[in-house]
Amino acid sequence: LVFAFIPPTAIYNGYPTFVIAIVFIGGCTAIIGDVAGHLGCFINLKDCVNAIAFVALGTSVPDTFASKTAAIEDETADASVGNVTGSNAVNVFLGIGIAWTMAAIYWEAQGQVFKVPVGSLGFSVTIFCIEALLAIGILMIRRSPAVGGELGGPKIFKTISAAIFVFFWCFYVAISALEAYGVINPGF
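Residues numbered from 1 in each chain as written. Predicted model: local features only at pLDDT ≥ 70, side-chain atom pairs only at ≥ 80, totals over all residues. Heavy atoms only, no water.

**A word on unusual backbone geometry**
Most peptide bonds take the trans configuration, and most residues that are not glycine carry a negative phi. The condition that has to hold: The way it works is that DSSP assigns letters per residue, a run of H or I at least four long becomes a helix, a run of E at least two long becomes a strand, and they are numbered from the N terminus.
Backbone geometry at Asn 13 places phi at a positive 60 degrees, although glycine is not the residue there. Position of Asn 13 relative to the elements: it lies in the segment before helix H1 (15–42). A positive phi angle is found at Asn 44, which is not glycine, with a value near 55 degrees. As for its placement among the helices and strands, Asn 44 is situated in the loop between H1 and helix H2 (47–73).

Right under this line is the structure:
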């Protein structure tokens, strides 16, 4: 309901729309982060598992609906895939980059060094990259005219590929949680 206060794009070439939308998105992000932090504390869930399970899911659901809309309205799935990759690129390059830069500047101004302890990023990135390559392979197979091309084709191919993608996410969360809680030790 808060987003109803965003002005239309016809006002000043859409600049107020953009700025106010960014402010509202920042506010929603802060609220989601706080609620997820309290939930993780309440159910005794480590921050890293909470981040990949609840925070990431909560922030990706709007992208999922935007991608679905793009896939339905576009002749090809390019806009849908572009939305996902563009959104993630913004999250990684701007979201992390700006936050870490601000933290480094703040701690430097305080006369201290900004240090981030090494975590299990190598393992998580390795699992993510393997699953990403498998997902790309599935998308390449789905583009084949033999299975209907792009996102079309028989319902069985749609259902199977959707189930595989959901499994990828569940597996990623589960394997990362096992590593975070010390059940498995990949060694890197």
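Next comes the rest of the account.
**Some words on helix H3 (residues 78–109)**
What counts, and what does not: Helices are assigned an expected span. That span is 1.5 Å times one less than the residue count.
Compared with an ideal rise of 1.5 Å per residue, which puts 32 residues at 46 Å, H3 spans 45 Å between its outermost C-alpha atoms and is within 8% of the ideal. Residue Gly 111 follows H3 closely and has a positive phi angle near 80 degrees.

**Focus on the packing of H1 against H2**
This is how the line gets drawn: Helix axes are fitted only over the stretch in contact, all axes being lines through C-alpha atoms; the angle between N-to-C directions runs from 0 to 180 degrees. Just so you know how the angles are binned, under 35 degrees is roughly parallel, over 145 roughly antiparallel, 65 to 115 roughly perpendicular, and the rest oblique. By convention, the crossing between two helices is left-handed when the near helix turns anticlockwise from the far helix through less than a right angle, and right-handed when the turn is clockwise. We call two residues in contact whenever any of their non-hydrogen atoms come within 4.5 Å of each other. As a working rule, the residues Ala, Val, Leu, Ile, Met, Phe, Trp, Tyr, Cys and Pro are called nonpolar, Asp, Glu, Lys and Arg charged, and the rest polar, with Gly in that last group.
At a minimum axis distance of 10 Å, the contact between H1 and H2 shows a crossing angle of 130 degrees. Comparing their axes, H2 and H1 come out oblique. Seen along the crossing, H1 lies across H2 with a hand that is right-handed. Residues Ala 36, Gly 37, Leu 39 and Gly 40 of H1 touch H2, and the partners they reach there are Asn 50, Phe 54 and Val 55. When the residues that make up the contact of H1 with H2 are grouped by side-chain class, the tally is four nonpolar, three polar and no charged.

**With respect to the nonpolar core**
Rules: By nonpolar core we mean a set of buried residues, namely Ala, Val, Leu, Ile, Met, Phe, Trp, Tyr and Cys, connected to one another through side-chain atoms within 4.5 Å. Any residue under 20% of the maximum accessible area for its type is buried, any over 50% is exposed, and the rest in between are partly exposed; the area is computed with a 1.4 Å probe on protein chains only.
Counting five residues, the largest nonpolar core consists of Ile 52, Phe 123, Ile 127, Tyr 172 and Ile 175. If we ignore the near neighbours within four places in the chain, the residues touching Ile 175 are Phe 123, Ile 127 and Ile 184.

**Quick word on H1**
Each full turn of the α-helix corresponds to 3.6 residues, which orients residues three or four apart in the same direction. Taking 1.5 Å of rise per residue, the 28 residues of H1 would be expected to cover 40 Å, and the 41 Å separating its terminal C-alpha atoms lies within 8% of that figure. Its buried side turned inward, H1 meets H2. Just past H1, the residue Asn 44 takes up positive phi, approximately 55 degrees.

**Some words on the packing of H2 against helix H5 (residues 155–180)**
In contact at an axis separation of 8 Å, H2 and H5 are set at 155 degrees when each is read in the N-to-C sense. Between H2 and H5, the angle is such that the two are roughly antiparallel. Note on element contacts: H5 touches H2 through Trp 169, Tyr 172, Val 173, Ser 176, Ala 177 and Ala 180, opposite Cys 48, Val 49, Ile 52, Ala 53 and Leu 57. Among the residues making up the contact of H2 with H5, the classes are represented as 10 nonpolar, one polar and no charged.

**Observations concerning a nonpolar patch on the surface**
Note the cut-off: Candidate patch residues must exceed 30% relative accessible area and have no salt bridge, after which like charges are joined if within 9 Å and Val, Leu, Ile, Met, Phe, Trp or Tyr side chains if within 5 Å. Surface accessibility follows the Shrake-Rupley procedure with a 1.4 Å probe radius. Residue values consider only the protein chains on display as shielding. For this analysis, a salt bridge means a side-chain nitrogen from Lys or Arg found within 4 Å of a carboxyl oxygen belonging to Asp or Glu.
A cluster of nonpolar side chains, Val 2, Phe 3, Phe 18, Val 19, Ile 22, Val 23 and Ile 25, forms an exposed patch at the surface whose accessible area comes to about 660 Å². Turning to its location among the elements, Phe 18 is positioned in helix H1.

**Some details on the environment of Phe 65**
Along the chain, Phe 65 falls in helix H2. Along the chain, Phe 65 and Ser 80 lie 15 residues apart, while their C-alpha atoms are 9.7 Å from each other.

**Here we look at the packing of aromatic side chains**
Quick note on the threshold: Centres within 6.5 Å make a pair out of two Phe, Tyr or Trp rings, where for Trp the six-membered ring is used; the pair is then stacked when the planes are under 30 degrees apart, edge-to-face when over 60, and tilted otherwise.
A complete count under the given rule lists five aromatic pairs for this structure. With centroids separated by 6.1 Å and ring planes inclined at 80 degrees, the aromatic side chains of Trp 100 and Phe 114 adopt a geometry described as edge-to-face. Placement of the pair is Trp 100 in helix H3 and Phe 114 in the loop between H3 and helix H4 (121–142), with a sequence separation of 14 residues.

**Description of the state of the cysteines**
For the record, the criterion: Disulfide assignment relies on a single distance test, namely cysteine sulfur atoms paired within 2.5 Å.
Under the counting rule described, the total for this entry stands at zero disulfides. The thiol of Cys 170 is not disulfide-bonded; the next cysteine sulfur, from Cys 48, is found 17 Å away.

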